[in-house]
Each structure stands twice: as structure tokens, then as C-alpha cells.
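Reading the structure
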Amino acid sequence: MQISLFLPELILCLMVLFFFFVSLGKPKTKFLENSAILLSSLAVIVSVITFKNEGMLFFDAYRIDAFSQVFKIIMTVGLLLVVYLGNNLKGIELELQAEYYFFLSLSVLGLICMSSSVELLTILISLEVSSFALYVIIPFRKKQTSRSQMEAGIKYILFGAASTGITLYGMSYVFGLTHTTYITELYKVIPALLKTNTLIFIGMIMMLCGFFYKLALFPMHFWAPDVYEGAANETTSFIATLPKIGAVALLIRLVSLSGIDINQLTWIMAAIAVISMTVGNLSALVQNDIKRLLAYSSIAHAGYVMLGIFSGNDIGYIASIYYILGYLLMNLACFFVVYHVSNEGENVTFSSFAGLYKRSPFLSLTLAIGAFGLAGIPPTIGFTGKILLFTAAIKKGFYGIVVLAVINAGISAFYYLKMVRAAYFGVDDASSPIKLHFSAKILGTIVIATIILFGVLPERIIEVAKLAISKIIL
Amino acid sequence: MEQYLIFNKFSYPILSVVTFLPLAGAFFVLFIKNDRVLKYFGLLITLITTLLSLPLYTNFDLNTPKYQFVEIHKWFPFLNVDYIVGVDGISVLLVLLTTFIMPLCILCSWTYIKERFKEFIFVILLMETSMIGVFISLNTVLFFIFWEAMLVPMYLLIAVWGGPRKDYASIKFFLYTLLGSVFLLVSIVALYVTTGTFFIPELMNHKYSFSYQMWIFMAFTLAFAIKIPMFPLHTWLPAAHVEAPTAGSVILASILLKMGGYGFLRFCLPMAPQATMFCMPALIFVSLLSIIIGGYLALGQNDIKKLIAYSSVGHMGFVTLGIFLLNSQGIKGAILQMINHGITTGALFICVGIIYERTHSREIKNNSALGMIMPWYVTFLAIFSLSSFAFPGTNSFVGELLVLVSAFMKYKVVGFLSIIGAILSAAYMLRLLQKMIWADSTGHAHHDEHHEGDAHAHHLFDLNAREIVTLAVLTFFVFWIGLYPTPVLKIMDSSVSHLLEQIANGIKEVAPQSLHAANINF
């Protein structure tokens, strides 16, 4: 076994262990956040360096290829941004801060393992590692800022456990019918089986449920608003982004099993996608808590990403990878603002945005670009992503679904605009200006710049995604 | 691809420079602190843009319908999207209109805008880039990017510097336009999937089956009918106009509405000729409704801005009428009418802004009897009002005449009905003029002590040099096009006849059924 193949995972293991030992003492917040930033940057660098690696590990259950490496890069970058964004950890209990980083890195470890797993049990284990860490993190929120973190934690566990159960049950069907748990083997038999056997279809759908849960797709979306609302702002920024990237990676791998023909599975996923968009967008319209709103918006965006996945063509998978990257950046832009507007880690509502333009022009600009990006207004990454997704779906002939998606995008513009309006045109608040640290300004600038730059010049990203997709099937 | 294009012969990429100079200017605006410097800087940038756009007129080849000054760069090979820009006889006029109107927008905001001046100049320059971009794009994706990107600055323009109901007006504007354009996006992608290209001339050249044409025609028409706006979809316009600051109203009236008409000419007619023929009666009917209802509503308004906004609905009705009469006079008249409306209505909005700065009211009754106090002002107001109802010798007369001639040539009934609209516009404009220049109907004169607008007498001073220059420029164009429209008509001549040829060919040839959208699911 070549150690270099496993290097990004090892760096994250190191990070996990580091924070485990640190948690035994009484570390200072400053020390914790600096080492977290340092270690996650190291993870980013290592995953970029190992991008070209290819190989199989652990009895062919673990596959290193361009596909997995792309997701490792996206996820380590996501981790770095989340850690960087949430410096100060103002929403986390003081004595739990080391543990917070410990579980955060453990969850990412699970997620990046997930992107490499090509065997059902390995997939399940990585899924569980990433979920268990999150179950623990959610109630870490400071008690004085919110009272619903326990409720959020319990909800996340119960929904998570149930959906893992369903996934496992589905896997047992798939295994029973195909006598294998290796994806490469499954790929050879499933397309034919799907035409003749209904059980495999049921098995596949149940197996996908665990990832629908991570992605917060209808009907596994009920946890999202409460968990977003209950968890600390920095935790939410993590839950809202990284697990979804992992879920997209796995969904692409698993859905590509069913072949490129349109079958019942496609229609089920299409229905799920459209209902998710509609439910997410309509519910988001009436929210007052920004994190709850972002939760519903993320449900809708999960629906958009599904457009690319169920289309099942190359351009669809490429579009999903591109879109989920864009979603990460745009969502983090919004959470960046939420995090800084909230004084002591409490939740943020529309009224807290009032007069934001006067308090911090930079934050309101970041919010505007993030929100317009999520609404799909050019020239942002959100627009280019949507055009790719729509092209993929129309290529497959899903005109009706694209029209529904487009109407949804129109509806969503309303609440994104509501956020921007609140920031720019709310009654002028007498409260003091928000002082941003220099490093926070850098982060904001980077996020804004990439949202626009990748939107205008998407070719690089698409080439990388194309390379990743070409390696997905053996 | 080359058969549609004449490449740029200048040593520099003239269209890109004209388009992106304002954007570059907007970037520098961020670093200027002083309001005074900002004003001059914004004015300078827009004036340079105007100057740079002049070669588009002087070097324009009148004898070809091809796209000129073309630049191509590979941009996004994965989807076969190129950065490709160029102008033909239709779009070059609109580009020139844009570059000429923008400096006036800054001039008319000189003292009108009192806060956040930096952001104002920034937004105006962003607007200029995206508006020129819409007219020069020869690629549907590029077109759509500029089309949508324009929404945000325009939204901000209304929402930040607007009147008391700016919140309502700005969001109504945004949502209406966005909902219209989402279907535009679907049809752009659908066209790409069918033909494999986003390149507009090639899309025009492609033959589509009738039902396919109907779908894309309806999607395009929805977007453009909202923008222009046509009768049942016009309700965002009065709200947006009334609440927008002067510069916003001018941009909205002079340029944004033209995008609807431009879209019809660029997309609907050449790409879906059979569908256009099929829908022609309905669209002519709706245009007539716009003309008559717009005029009728304008007749009843007490708010000057609202009156002009409804008059815009009527005028744009003439534009769509001209377009869908589908003959040379009609389309030429429509294009000319777009330019004329840009000049005249822009000027009228500037006039309203000027009087609003002095009396802080847009009500007709608070602004009556100005003839004695502001002779310069009422002179200009009279010129533009006359132009607005197409008085002979002014620019609109030529455009409206062409449309009417074309209507009478084709359907006499349509001609007679649109005459009603012309009469209505004379009625509401003369009513406005009569009340604003002379005493109002109750007999109140400007010196009446009990007049509600007591501010009247001591705050009213006549136009200053800046305002005179602003309006004089527009007056020049009113009379130039009014008395000698040949240069303008010549520019669009070959493009219009090419367009008509395309339609004629499209109607003749029966599209192969195989293209009937290969596999439609759902």
C-alpha cells in the first residue's frame, strides 16, 4: 500500500488526533483556531498535490481517482473556509472549543473517505463517521444564545439514524440481488437488472435515501430548518455545505450505476428534485430567521443539483460538481455575513440586517453577491451553474422539469432579494458599525471574487470536473 | 460563420472598448472620495464612451445587412460559447442612443441626487455597460448575461434613490422582468440543444418545425412583452417610473423599453417566422389595445410622471404594431419610433425631474402656470410635448407616419384604430401643456397667494446652463430626425430588408418534421 495515495486522509487523521490531545488540556481559543487554520490549509495543499494520484486501496474498496480527488479538494477547501469564517468561535461553549474542532475534522475525514469509497460497506462506514461527529457538534452551542440546540441535536440524530437504517436496508436488497457490494461489479449488472426486476429499483431508492438525507432533499428534508436554526452559526455553515458535497459525490457514483437510460429511478429522482425545489422555495418565502431561510433555500438548491444527477449524462454530472462548488461559495458568503452580523453568536433575523449598509458596506456587498448568486443572476457562478444544469436536463428531453425549475428560480429571487433589501434599505439602525478584522475582509474578498470569477470564466473548473467524470466509470 | 460577419477593421476592439469602458470607470469610481470629482469623472467617462461610439456611425457600411465591427474570442468552449459581438443596422442605432443618453443621465442628476453619489455613478456606469452589451451580443448566452445583469443596477437605482414607494416599485420591476426572462433562458438552452450553437445568426438560419417555433416564440414574446411593455403586462412600468429618480426614469424609458422591441426584431421574427405569422393578428390586437388603453389611462393622470409613463405604453404600442405589421415601412417606423421615444420621452422625464427639484411635487396642479416664470423651461417642455404626440416637423411624426402608412397598407381597420391612439396622445399632451404653462382649470394663477404650492413663487427660477445644455442636445435630435430622417433610415435599410427576406424565406420553406424536438419527455 502506498502511503502517498492516502495522504489527504492522513493529514486529516493528524488533525483529528491533534485536537484530541489538545482537548485534554485547557487550550486558548486563539491557539485552537490558528492550528485549525494551519492544519486545514495543509490538508488543502496536500489534496491539491495528490490530485493526479490514482490507485486502489484496502482490497479494492477504496479508490483514488480524479473524481475522488476533486471532491477532496473541494471539501478541504470548504473546511478551511468554514474554520476561517468561524474564527473566534463566538457561538461555541468555551470549554468545548477543542472538541468542536476535533469533531469537525473527524466529520470531514468521514466525508472525504466517502468520496473515495467504492464498496457499499465502506460507503456506509464513512457516512456514519461523518454523521456521528455532527450529531455531537450540534448541541455545542453556547447556552445563553439559544435554547433549541438540544432539540436540533436530537432531531439530527433521529433523522440520521432512521435514514442510515433505510440505506442499510436498501443495501441489503442490492447485495441480495447482485451478490456483491463492489460498485465496479454492481455497475455491470444493475442496468440490466433494473429493466427486469422491481426489487433492485426499490433497493436502489432506499440506498439513496441516506444521501438524500445528507443533501436535505424532500422527503428527508424535515430536519434541515430546525437543525440550521438550533446549531451555532459556525456549525450551521458547516452542515449547510460540506456534507452536501459528500452526498453529491456519492450520488453521482451510485446513480451512474443505473446506466444512462431513463428508467423509473430517474423519474423518482426527478419528482424528488422538483418537489424539493418547490417546497424549499415556497417555505423560504415566509421565513424570518435567516438561517431557517437558508435551510429552505438549501433544500431548493439540492433540487437543482439533482437536475444534473438524474439527467445522468456527462454534462449533467459536470454541472452538478460545478454547481455544488458554487453553492459552497455562495452559501459561505451568506453565512459569513450571518456570522459577523450576529454579536455573540445568536441567530440573525431580517431585522438584524436593517441598516447593515451603514454598519458595514463590505458585509452588505458580500451578502448581495452571495444572494444574487444563489438567485442565479449573471455573472455569478450560480448563473453559469444553472445554465449547465438546464442544458444537461434539456439534452435528456426534460423540458417540463426545466420549466418548473426555472419558475422556482424566479420564486426564489423574491426572498434572496428580500435579504438584500433588508441590508440596503432597512430603517437605519442606530447600532454601532461592525468592525471587520483584516483577515475576515480577505476571506470575504476571496469568496466574492471567486463567485464572480468562476462565473465568468468557468472553463478551468469544468475541465477539472470533466476529468473527474471521465474517471468515474472503470 | 464568416458569411454573416464583417470583422472589426479598427486597430482596437471598438465594440468591447465602448462596452467595457464604463465598467472600468465604475471600478475607479470606488476609489474616488470627493462628490464633485465623482460627478465630473462619471460625466467624463460617459462622454468618452459617446465619442468612442461615433466611429460606429461614421464607419458603418450602409450596403450590407451583415454584422459589423465583429470581434470573436473563444470563451467557454465546453458549451461552444464564444465572446462574439457585432452590430447591424438595427442595433447600432440603439447603441448610439444609449451612449448619447447616458451623459445626459448624469447631467440631469447633477443636483437631483443628494446622497450616496459614489454608488450612484457606480450603478449608472454598470447600467451603461450592460445595456450596450445587450445590443451588441451576437451570442444568446452573452445576450442573456447582459440582459439579466442589468436588472441588479436598475433595481438598485429605483430602490436606493427612488421616491416614497420605492420598495414596492423596485421589487415589482425586478420580479416582473425576472419572471419574463426565466423562460427566455429555457428557450435559449432549448435552441442550443436543438442546433448545437448559441450564435445568433446561425440560430436565425436554422429551420425549426412549426410547433417548436410556437414554443420558443411564446417564451421569447413573454420576456420581451414584459420589457417593452405590452398591455396586460405593463403594470410594473408606471410604478417604476413614478418612483425612480430622474436618471432612472430616463434610462428606463429611453433604453430599457427598447430592449423589448429589439428582442422581437432579433429573436422572434427571424427565428420563428411561421409562429410570427400565426400570432400576428393577436399581437396586432394587443398592440392596438396598448395604444388605446395607454393613451386613455394617460388622459386621466394627475401625476406628470405617471402620465408620461402611460404615454410610453401607448408609444411602445406603436412600436410593436409596426414590428408585427411585418412590412418594410412598419418595421422601419417601429425602429425609428424606438429611437424617437428614447429621445422625446427621455427629455420629458428630464423636464419632470427639473420641475420636481424646484417644487418637490409631480402633481400637475402644483406645477401649473409656469409660463410666466420659467420661459426657457416651458419652451423646451412644449417642444418635447409636441414631439410626443407626433407634431409634424418633430421626430415622432416621421416614425408614427411610417407605422400608420404601413397599417393602412395592410389593414385599414388597424390604421383607423391607431389613429384614435394618436388623437388621444395629442389630447393628454395638450392638456398637460395647457395646465403647466397657463393657469389651471380652476383659474388659479401662479401669483395666487392661496395656492397650495406656496413655495412656487420664491423657489422657481428658470433653467440654468447645465439644464439648457441637457435639453438642447435632445432638442437638436428632435428636429434633426423630424426634418431630415434619411441618415437614420438609411442605416437600418439593408438590415430591415434582410430581416424581411429571412421572414419570407422562413414562411415559404416547410421545416423538416424530423427536427420536431427530438425527444420530449414530461
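These numbers were taken from a predicted model, which means no experiment stands behind them. (Residues numbered from 1 in each chain as written. Chains lettered and ligands numbered in written order. Predicted model: local features only at pLDDT ≥ 70, side-chain atom pairs only at ≥ 80, totals over all residues. Heavy atoms only, no water.)

Our focus in this paragraph is the packing of aromatic side chains. Residues and elements named next belong to chain B. Taken as a whole, this structure holds 58 aromatic pairs over all chains when the rule is applied. Judged by centre distance (5.4 Å) and plane angle (75°), the ring pair of Phe-100 and Phe-477 falls under edge-to-face. Separated by 377 residues along the polypeptide, Phe-100 in helix 3 (residues 89–107) and Phe-477 in helix 19 (residues 465–483) bring together distant segments of the chain. Ring plane angle 45° and centroid distance 6.0 Å describe the contact between Phe-477 and Trp-480, whose orientation is recorded as tilted. Taken together, the residues Phe-477 and Trp-480, both in helix 19 and three residues apart, mark about one turn of the helix. On the accessibility criterion, Phe-477 (16% relative accessible area) is buried. Each member of the aromatic cluster is reached from another via a ring pair, and the members are Phe-143, Trp-147, Phe-220, Phe-224, Phe-264, Phe-267 and Phe-324. The lysine or arginine in question, Lys-39, covers the ring of Phe-117, its NZ or CZ lying 5.4 Å from the ring centre. Cation over ring: Arg-362 sits above Tyr-356, and NZ or CZ is 5.3 Å from the ring centre. (Phe/Tyr/Trp six-rings, centres within 6.5 Å; stacked < 30°, edge-to-face > 60°. Helix = DSSP H or I, 4+ residues; strand = E, 2+ residues; numbered from the N terminus. Buried < 20%, exposed > 50% of the residue type's maximum accessible area, 1.4 Å probe, protein only. Lys NZ or Arg CZ within 6 Å of the ring centre and 35° of its normal.)

The next point concerns the side chain of A:Thr181. Residues and elements named next belong to chain A. By secondary structure assignment, the location of Thr-181 is in the loop between helix 6 (149–178) and helix 7 (183–196). Assessed through its relative accessible area of 16%, Thr-181 is described here as buried. Within the structure, the side chain of Thr-181 is placed 2.6 Å from the side chain of Glu-119, a separation counted as a polar contact. Residues contacting Thr-181, with those up to four places away along its chain left out, are Val-118, Glu-119, Leu-120, Phe-175 and Leu-186. (Polar contact = N/O pair within 3.5 Å; in protein donor to acceptor, adjacent residues only side chain to side chain. Contact = heavy atoms within 4.5 Å.)

Attention now moves to helix 3 (residues 66–85) of chain A. Residues lying three or four places apart along an α-helix face the same way, a consequence of the helix completing one turn every 3.6 residues. Here helix 3 of chain A is 20 residues long and its end C-alpha atoms lie 28 Å apart, about the 28 Å a rise of 1.5 Å per residue gives. Judged by how many residues are buried, helix 3 of chain A sits mostly within the fold: 17 of 20 residues are covered. (Expected span 1.5 Å × (residues − 1).)

Residue and element names in this part refer to chain B. Direction vectors running N to C along helix 14 (residues 328–359) and helix 20 (residues 486–508) enclose 130°, while the axes themselves pass 10 Å from each other. Taken together, helix 14 and helix 20 sit at an angle that is classed as oblique. Taken as a pair, helix 14 and helix 20 cross one another with a handedness that is right-handed. Side by side, helix 14 and helix 20 meet where Ser-328, Ile-331, Lys-332, Ile-335 and Leu-336 of the first sit next to Val-488, Leu-489, Met-492, Asp-493, Val-496, Leu-499 and Leu-500 of the second. For the contact of helix 14 with helix 20, the residue count by class is nine nonpolar, one polar and two charged. (Axes fitted to C-alpha atoms, helices over the stretch in contact; angles between N-to-C directions. Parallel < 35°, antiparallel > 145°, perpendicular 65-115°, else oblique. Left-handed = near helix turned anticlockwise from the far one by under 90°. Nonpolar A, V, L, I, M, F, W, Y, C, P; charged D, E, K, R; others polar.)

Residue and element names in this part refer to chain B. Scored by pLDDT, chain B comes out at a mean of 86, with 93% of its residues at no less than 70. Counted against residues more than four places away or in other chains, residues 443–455, with its pLDDT under 50, gives 16 contacts. In the model, residues 511–522 has pLDDT below 50 throughout and makes 24 contacts with residues more than four positions away in sequence or in other chains. (pLDDT = per-residue confidence, 0-100.)

Okay, unusual backbone geometry next. All names here are of chain A. In the segment running from Phe-218 into Pro-219, the intervening peptide bond is cis, with an omega of 0°. Among the secondary structure elements, Pro-219 is positioned in the loop between helix 8 (198–215) and helix 9 (223–230). In this model, Pro-378 is joined to Pro-379 through a cis peptide bond whose omega is 0°. Summarising the element assignment, Pro-379 is placed in the loop between helix 17 (361–375) and helix 18 (381–395). The backbone of Phe-58 sits at a positive phi, close to 50°, despite the residue not being glycine. Tracing the sequence through the fold places Phe-58 in the loop between strand 1 (55–57) and strand 2 (62–64). Phi angles above zero are rare outside glycine, and Phe-59 is one such case at about 55°. Secondary-structure assignment places Phe-59 in the loop between strand 1 and strand 2.

Attention now moves to the pattern of salt bridges. Residue and element names in this part refer to chain A. Per the counting criterion, the structure on display carries 17 salt bridges over all chains. With a shortest N-O distance of 3.0 Å, Lys-30 and Glu-33 are connected by a salt bridge. Here Lys-30 and its partner Glu-33 are both found in helix 2 (residues 29–49), three residues apart, which amounts to about one turn of the helix. Note on Lys-30: relative accessible area 52%, which makes it exposed. (Salt bridge = Lys/Arg side-chain N within 4 Å of Asp/Glu carboxyl O.)

Okay, the sheet that holds strand 3 (residues 81–87) of chain B next. Residue and element names in this part refer to chain B. Taken together, three strands build an open sheet; the order of strands is 1-2-3 and the sheet is mixed. Looking along the sheet, the strands with just one partner apiece sit at the ends: strand 1 (5–7) and strand 3. Sheet twist, expressed as the average angle between the axes of neighbouring strands with direction ignored, equals 50°. Note that strand 1 and strand 2 (residues 67–76) share two bridges and pair parallel. Looking at strand 2, one finds that Leu-5 is bridged to Tyr-67. (Pairing = 2+ DSSP bridges.)

Time to look at the environment of B:Leu289. Examined against the element boundaries, B:Leu289 turns out to sit in helix 12 (residues 273–299). Judged by its relative accessible area of 27%, B:Leu289 is partly exposed.

Moving on: the interface of chain A and chain B. Between chain A and chain B, the contact holds 43 residues from the first and 37 residues from the second. A combined buried area of about 3600 Å² lies between chain A and chain B, and 78% of that area is made up of carbon and sulfur atoms. A salt bridge links A:Arg421 to B:Asp167; the nearest nitrogen and oxygen atoms lie 2.8 Å apart. Elements supplying a minimum of two residues to the side of chain A that touches chain B: helix 14 (314–341), helix 16 (356–359), helix 18, helix 19 (399–425) and helix 21 (459–470) of chain A. If you tally residues by element for the side of chain A that touches chain B, the top one is helix 19 of chain A, at 16 residues. (Buried area = accessible area lost by both parts, 1.4 Å probe.)

Residues and elements named next belong to chain A. It is at 10 Å that the axes of helix 3 and helix 14 come closest, and there the two elements cross at 5°. Relative to helix 14, the element helix 3 lies roughly parallel. Only Ile-321, Leu-325, Leu-328, Leu-329, Leu-332, Phe-335, Phe-336, Tyr-339 and His-340 of helix 14 make contact with helix 3, whose side of the interface consists of Phe-67, Val-70, Phe-71, Ile-74, Gly-78, Leu-81, Val-82 and Leu-85. Across the contact of helix 3 with helix 14, the residue classes tally to 15 nonpolar, two polar and no charged.

Here we take up the side chain of B:Asn395. Residue and element names in this part refer to chain B. Residue placement: Asn-395 occurs in helix 16 (residues 395–410). Side chain to side chain, Asn-395 and Thr-344 meet in a polar contact 3.3 Å long. Setting aside its immediate chain neighbours within four residues, Asn-395 contacts Asn-340, Ile-343, Thr-344, Ser-387, Phe-477, Val-478, Ile-481 and Gly-482.

Together, A:Leu17, A:Phe20, A:Phe21 and A:Leu24 line one region of the surface with nonpolar side chains, adding up to about 440 Å² of accessible area. Note on placement: A:Phe21 falls in helix 1 (residues 7–22). (Patch = residues over 30% accessible without salt bridge, like charges linked within 9 Å, V, L, I, M, F, W, Y side chains within 5 Å. Areas by Shrake-Rupley, 256 points an atom, 1.4 Å probe, with all protein chains shown as cover.)

Residues and elements named next belong to chain A. Locating Gly-78 in the fold gives a position in helix 3. According to the relative accessible area criterion, Gly-78 is buried, its value standing at 0%. In the structure, Gly-78 is positioned 73 residues away from Leu-5 in sequence and 21 Å away in space, judged by C-alpha atoms. Ignoring anything within four residues of it in the chain, the contact list for Gly-78 reads Leu-242 and Leu-328.

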